[in-house]
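Below are the chains, spelled out letter by letter.
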Amino acid sequence: SYAVLNTAVGRSGANHVNDGTIAADGSLTGSGNSGALTFTGTSFTNNGVLALNTTNSVFNIRVPTFDYNSGGSITGGGTLRLGTGGATDVVNWNGPDPAGAVTFYINTDSRLTLNRTSAWNILSGQKLEFEPNAGASVTQLTVAQNVNNSGTLQMGRYTAGGDYPAVHRLVVSSGKFTNNPGGVINTYPRSATNFGTTNGGYTWSTRQIAGEVDNQGQFNVYCWDTRIGVAGAANTNSGTVTLDSFVTKAAGGYAELIVTGASFTNQAAGTLRGDGILDVLGTTSQTLDNYGTLAPGLSIGTLTIQGDLVMHPGSVLDYEFGPGTTSDLIAVAGDLTVDGTVQVDGGFIMGETYTIFTVTGAFVNNGLTVPGYGRTVVERVGNNITLMAIPEPGTAALAALAGLFALRRRRVA
């Protein structure tokens, strides 16, 4: 059991084997420190117990090959750091999934392949994090199975003065990445001010899930180069995707989600919200198919779609309306087909004309309505799509009679 700081075990060529119990205990290290045990050498084979006894306990497995066998286990709630950095490493993961609040930490500049015979489950309370280090080029984890996340996937880490240029990439080489209900994905940029540097065609702020993505939880995009998908992938959202530009606007940019594959569908239970950019031009369909809710802006703001947008029957536009004729907006750099309903938030006024879309391509209205607000008029004026609600004939007279009847009742009383 180790309770000291930064203890290292191993030498060049060392092959470690654990058949018993090795415990890392950070309880005696003091506030803000950790009890870290680092293994170096050629390989580490775990047939026994690796015990992370406290939240600030760390096992740092810096060997090219880590065999986690079926007879072994990982317990506790600390951090398991993997990867040597600057090398191609292999983890043969055949042991049971840890049950504690473990953080799986991919070391800076590592190229790590995780081999499994079944899906990898990141459980509630657990985290997969890529080290945000200013000296890294590409930090990558490849998983040869499905990945199911009920915890947190963290790519980048925002601090006001931070500068973390690493490219973070999760490659799901077989199957797909599912962010379960309760699961969270966070992608942060390099910093609040610098995003122009490129490396091998990727910006320093690239955060990528290279695989088919099924989001059923929370997917928070704060980064200007977040990418999902792979060739042929049918990417879906039935949770909430939030494009939040609060960091990137400091440099005149926007949070952006770039999708590749066959398609991207916002399903009936899904919500796509925010003030950033959704780019579907890399998909075969080049279309956002929306059966769920689109909620532009995080107050009154603009959501941009690079590609076509099809609003299917039953879909919802959740719009905020402000003073005068201000409102949320969806800017479509392609064709637009609308159907479904507008859910009114804020100061919507009957008879006023609001611009709710801009569109560069063709426009088709299959029956967009504002329930409860009379007759809906949707028109194209140049590249603007305007919305106005007109009282049905007789509505004003009925309202006047209702008011008169209410006044008479008060006088009689």
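Within any chain, residue numbers begin from 1 and follow the written order of that chain's sequence. Where local features are concerned, this predicted model is filtered to residues with pLDDT of at least 70; where side-chain atom pairs are given and counted, the filter is 80 or more; whole-chain, interface and lining totals use all residues. Think of the side-chain values as coming from all heavy atoms in the structure, minus any hydrogens and water.

## Some words on the overall build of the chain
Numbering goes from the N terminus for both helices and strands, where a helix is a DSSP run of H or I of at least four residues and a strand is a run of E of at least two. Broken down by element type, the chain carries 1 helix and 43 strands. Any two residues whose heavy atoms approach within 4.5 Å are treated as being in contact. By sequence separation, contacts in the chain at least 24 residues apart represent 66% of the contacts at least 6 residues apart. The method behind every accessible area is Shrake-Rupley, applied with a 1.4 Å probe, and residues are considered shielded solely by the protein chains displayed. Carbon together with sulfur atoms contributes 51% to the accessible area of the chain, which is approximately 16,400 Å² in total.

## What to know about the pairing of strand E13 (residues 111-115)
Only protein chains enter the area calculation, which uses a 1.4 Å probe; residues under 20% of their type maximum are buried, those over 50% are exposed, and those in between are partly exposed. Only one face of E13 is covered, namely the one carrying Leu112 and Leu114; the face carrying Arg111, Thr113 and Asn115 has none of its residues buried. One bridge is not enough; two strands pair if DSSP finds at least two bridges between them. Where strand E11 (residues 88-93) lies against E13, 5 bridges are found, and the strand directions are parallel. Looking at E13, one finds that Val90 is bridged to Thr113. Strand direction decides the pairing type here: E13 and strand E16 (residues 138-143), joined by 4 bridges, are parallel. Looking at the pairing, Arg111 lines up with Gln140 of E16.

## Section: the packing of aromatic side chains
In this analysis, rings of Phe, Tyr and Trp, with Trp reduced to its six-membered ring, are considered paired at centre separations within 6.5 Å, and the interplanar angle assigns stacked below 30 degrees, edge-to-face beyond 60, and tilted for intermediate values. Under the criterion given, the structure shown has 15 aromatic pairs. Aromatic pair Tyr188 and Tyr222: ring centres 4.7 Å apart, planes at 10°, arrangement stacked. Residue Tyr188 is located in the loop between strand E20 (184-187) and strand E21 (198-199), and its partner Tyr222 is located in the loop between strand E24 (218-221) and strand E25 (226-228); the two are separated by 34 residues in the primary sequence. Both residues of the pair, Tyr188 and Tyr222, belong to the buried class. Here the aromatic rings of Phe321 and Phe348 are separated by 4.8 Å at their centres, their planes lie at 70°, and the arrangement is edge-to-face. One end of the pair, Phe321, is in strand E36 (residues 316-321); the other, Phe348, is in the loop between strand E39 (341-346) and strand E40 (354-359), and 27 residues separate them in sequence. The same class applies to Phe321 as to Phe348, namely buried. Every member of this aromatic cluster is reached through a ring pair, and the members are Phe39, Phe44, Phe59, Phe66, Tyr68, Trp93, Phe104 and Trp120.

## Focus on the pairing of strand E19 (residues 167-179)
For a regular strand, side-chain orientation follows a simple rule: the groups alternate between the two sheet faces. By the bridge criterion, 6 bridges tie E16 to E19 in an arrangement that is parallel. Within the sheet, the bridge partner assigned to Val143 lies in E19 and is Val172. Bridge count between strand E17 (residues 147-149) and E19: 3 bridges; the pairing is parallel. From the neighbouring strand, Val147 faces E19, where its bridge partner is Phe177. Note: E19 against strand E23 (residues 207-215), 8 bridges, orientation parallel. Bridging from a neighbouring strand, His168 pairs with Arg207 of E23.

## Describing the environment of Arg157
Mapped onto the elements of the fold, Arg157 is located in the loop between strand E18 (152-155) and E19. Residue Arg157 is classed as partly exposed on the basis of its relative accessible area, which comes to 34%. Linking Arg157 and Thr187, residues 30 residues apart in sequence, is a C-alpha distance of 7.8 Å.

## Focus on the pattern of salt bridges
Proximity of charged atoms lets side chains of opposite charge pair with each other. Within this document, salt bridges are pairs made up of a side-chain nitrogen of Lys or Arg and a carboxyl oxygen of Asp or Glu, the two lying within 4 Å of each other. Under the definition given, this model contains 7 salt bridges. Here Arg81 ties to Glu131 by a salt bridge, and the two come within 2.9 Å at their closest N and O atoms. One end of the pair, Arg81, is in strand E10 (residues 79-82); the other, Glu131, is in the loop between strand E15 (127-130) and E16, and 50 residues separate them in sequence. Taken individually, Arg81 and Glu131 each receive the classification buried, so the pair is uniform in this respect. Of the charged contacts, one joins Arg116 and Asp97 as a salt bridge, the two residues approaching to 3.5 Å between their closest N and O atoms. Taken together, the residues Arg116 in the loop between E13 and strand E14 (120-122) and Asp97 in the loop between E11 and strand E12 (103-106) connect sequence positions 19 residues apart. Asp97 gets classed as partly exposed once you look at its relative accessible area, which sits at 24%.

Function cannot be inferred from these measures alone, as they are strictly geometric.
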